[in-house]
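# Coordinates in review
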Amino acid sequence: MNTLIDQMLSRYETKTTEEKHNALHEVMQQIALAGLYRAGFFEKAAFYGGTCLRIFHDLTRFSEDMDFSLLASDPTFSLEDYFEPIKNEFIAAGREVVITRKEKKGKSNIESAFLKEDSESFEISYGTGRPVKIKIEVDKDPPLGFQTEYKLILLPFSFMTRCFTVPGLFAGKMHAFLFRNWKTRVKGRDWYDLEWYVRNQHPLDFGHLFSRCQQSGHISNGSLSKDEFIVMVKKRIAATNIEQVVKDVEPFIKNRQALEIWSTDYFLQLADRIILQ
């Protein structure tokens, strides 16, 4: 007898092991959102990041992590309060999961946890050969000034998820694009998303970006002009190895031919097409 997860997976066209794994990953993300909804999580928090863009705006790449922001600072917030509702939603869908807190390294405003299938009940029936692991993060002291909207999701049942609006999502993405510290690595998914925003002519909420830069300490003189921002983007592009960017993003997309045009010059021209509001 097929479970709800099997039914949800049937909506995906998957040919490779990686595509099957990514599809299962996304189905589990949607079930986690359902559990959070039932627990009233979206009364105090909003969904953002690449997974939000993938699920609600048809971004053509898979995304791993689930990122959330409280609507107002709350140092007492605990993600553990929502563990049981998430687990119960998975049980209703025919699976059991384990949720563990991610140990913090030093002081942080980010509340984190890992959600993965219980090793005893994990079924290697989708050809992935490895368990699915989802990282959930909640910013308890977020930069403010962002707008939210409610987006409909139909499975595992119909419910509304509070999300950042697309301009706010773009602002968060560009803050990560500029300042994400991966040491010798780059996150090509940031670059893929930049291309997606520009291609679809989505504006960037510059006010929210400025708030993020202020809170993260990346603005030293208390101001940032739009021209200065574009210069910063171009410097980041010029200093990055595009081959490493391509290598990082390839496992998350189906049409790898779309990356053939990627070059330093290509992204420099994309930067000039960013719409700032």
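Scroll up to find the structure this text is about.
Right, let's walk through the structure included here. Bear in mind the structure is a predicted one, so any value in this text is a computation, not a measurement.

Rules of the game
Residues numbered from 1 in each chain as written. Predicted model: local features only at pLDDT ≥ 70, side-chain atom pairs only at ≥ 80, totals over all residues. Heavy atoms only, no water. Helix = DSSP H or I, 4+ residues; strand = E, 2+ residues; numbered from the N terminus. Expected span 1.5 Å × (residues − 1). Buried < 20%, exposed > 50% of the residue type's maximum accessible area, 1.4 Å probe, protein only. Phe/Tyr/Trp six-rings, centres within 6.5 Å; stacked < 30°, edge-to-face > 60°. Lys NZ or Arg CZ within 6 Å of the ring centre and 35° of its normal. 1 Å grid on protein atoms, 1.4 Å probe; cavity = no way out; pocket = protein on both sides within 12 Å on 5 of 7 lines; lining within 4 Å. Points joined across faces, edges and corners; volume = space filled by probe spheres on them. Nonpolar A, V, L, I, M, F, W, Y, C, P; charged D, E, K, R; others polar.

## Quick notes on helix α5 (residues 166-179)
With 14 residues, α5 extends 20 Å between its outermost C-alpha atoms, agreeing within 8% with the 20 Å of an ideal straight helix rising 1.5 Å per residue. Most of α5 sits out of view: 14 of its 14 residues are buried.

## Digging into the packing of aromatic side chains
A full pass over the atoms with the stated rule returns 21 aromatic pairs. The interplanar angle of 50° and the centroid separation of 6.2 Å between the aromatic rings of Phe42 and Phe68 together place this pair among those described as tilted. Linking Phe42 in the loop between α2 (17-38) and β1 (45-48) with Phe68 in strand β2 (residues 66-70), this pair joins segments that are 26 residues apart in sequence. Across the pair, Phe68 and Phe42 agree in class, each one buried. Where Trp262 meets Phe267, the ring centres are 4.9 Å apart and the plane angle is 80°; that geometry is what we call edge-to-face. Take Trp262 and Phe267: they sit in the same class, and that class is buried. One aromatic cluster in this structure is built from Phe41, Phe42, Phe47, Phe56, Phe68, Phe77 and Tyr82. A cation over a ring is seen here: Arg54 above Phe62, with NZ or CZ 4.1 Å from the ring centre. Over the aromatic face of Tyr48 sits the side chain of Arg212, whose NZ or CZ is 5.3 Å from the ring centroid.

## With respect to the layout of surface pockets
Here the second largest pocket defines a volume of roughly 400 Å³. In this structure, the second largest pocket is lined by 19 residues; those nearest its centre are Tyr12, Glu26, Arg54, Ile55 and Asp58. Breaking the lining of the second largest pocket down by element, the ones donating at least two residues are α2 and α3 (50-57). The class makeup of the residues in the lining of the second largest pocket is nine nonpolar, three polar and seven charged.

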